[in-house]
Amino acid sequence: MVRTMLRDGWTIQGLRYDLNLLGSRCRQSSHQYASRNCDWCADGGPVLVLGYHGIMEAELMAHLEDRTVSHLGATLPQDSGSISHGNSTSVIFRNGTVLYTFPDC
């Protein structure tokens, strides 16, 4: 996925370690079987920050134990929004122009 994004004109902005608090499996409000002594670090991992032509950034988190990557989020340009459909999420301007489509990984 990163190779595809780099070919599409994205550039690497940085790398950090972060927790996926919104998708955390430790939150009982979103995961009813979450353990009371949950390990928050299980939802943490290295995050790659990519920029798209200076108008948008995307964050991708690697889950080392699962060997998967999740799209943590993106900063959207003004007058745009996102819509999920099928196995992808698209960033769309108010006039309907699709800026970029993120495939699910």
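The structure reproduced in this document is the subject of the present report. (Residues numbered from 1 in each chain as written. Predicted model: local features only at pLDDT ≥ 70, side-chain atom pairs only at ≥ 80, totals over all residues. Heavy atoms only, no water.)

1. A short note on the nonpolar core
Step number 1: Formed by Met5, Trp10, Leu48, Leu50, Tyr52, Met56, Ala58, Leu60, Val91, Leu99, Tyr100 and Phe102, the largest nonpolar core amounts to twelve residues.
Step number 2: Once you skip the residues sitting within four places of it in the chain, Phe102 turns out to touch Met1, Met5, Trp10, Met56, Ala58, His71, Ala74, Asn87, Ser88, Thr89 and Val91. (Core = buried A, V, L, I, M, F, W, Y, C linked by side-chain atoms within 4.5 Å. Buried < 20%, exposed > 50% of the residue type's maximum accessible area, 1.4 Å probe, protein only. Contact = heavy atoms within 4.5 Å.)

2. With respect to the side chain of Thr89
Step number 1: The topology assignment puts Thr89 in strand S6 (residues 88-93).
Step number 2: For Thr89, the side chain forms a polar contact with the side chain of Ser84, separated by 3.1 Å. (Helix = DSSP H or I, 4+ residues; strand = E, 2+ residues; numbered from the N terminus. Polar contact = N/O pair within 3.5 Å; in protein donor to acceptor, adjacent residues only side chain to side chain.)

3. Side note on the pattern of salt bridges
Step number 1: Taken as a whole, this structure holds three salt bridges when the rule is applied.
Step number 2: Two residues, Asp18 and Arg16, come together in a salt bridge whose shortest N-O distance is 3.3 Å.
Step number 3: The shortest N-O distance in the salt bridge between Glu59 and Arg16 comes to 2.6 Å. Residue Glu59 is located in strand S3 (residues 56-63), and its partner Arg16 is located in strand S1 (residues 10-19); the two are separated by 43 residues in the primary sequence.
Step number 4: One salt-bridge network, in which partners are shared between bridges, spans Arg16, Asp18 and Glu59. (Salt bridge = Lys/Arg side-chain N within 4 Å of Asp/Glu carboxyl O.)

4. Looking at the sheet that holds strand S5 (residues 80-85)
Each strand in a sheet pairs with another by means of backbone hydrogen bonds, the pair being arranged parallel or else antiparallel.
Step number 1: Overall, antiparallel pairing links the three strands, which are arranged S5-S6-S7 in an open sheet. Of all the strands in the sheet, the pair left with one neighbour each is S5 and strand S7 (98-103). Taken pair by pair, the neighbouring strands of this sheet meet at an average axis angle of 20°, ignoring direction.
Step number 2: The pairing of S5 with S6 spans six bridges and is classified as antiparallel. Within S6, the position partnered with Ile83 by the bridge is Ser90. (Pairing = 2+ DSSP bridges. Axes fitted to C-alpha atoms, helices over the stretch in contact; angles between N-to-C directions.)

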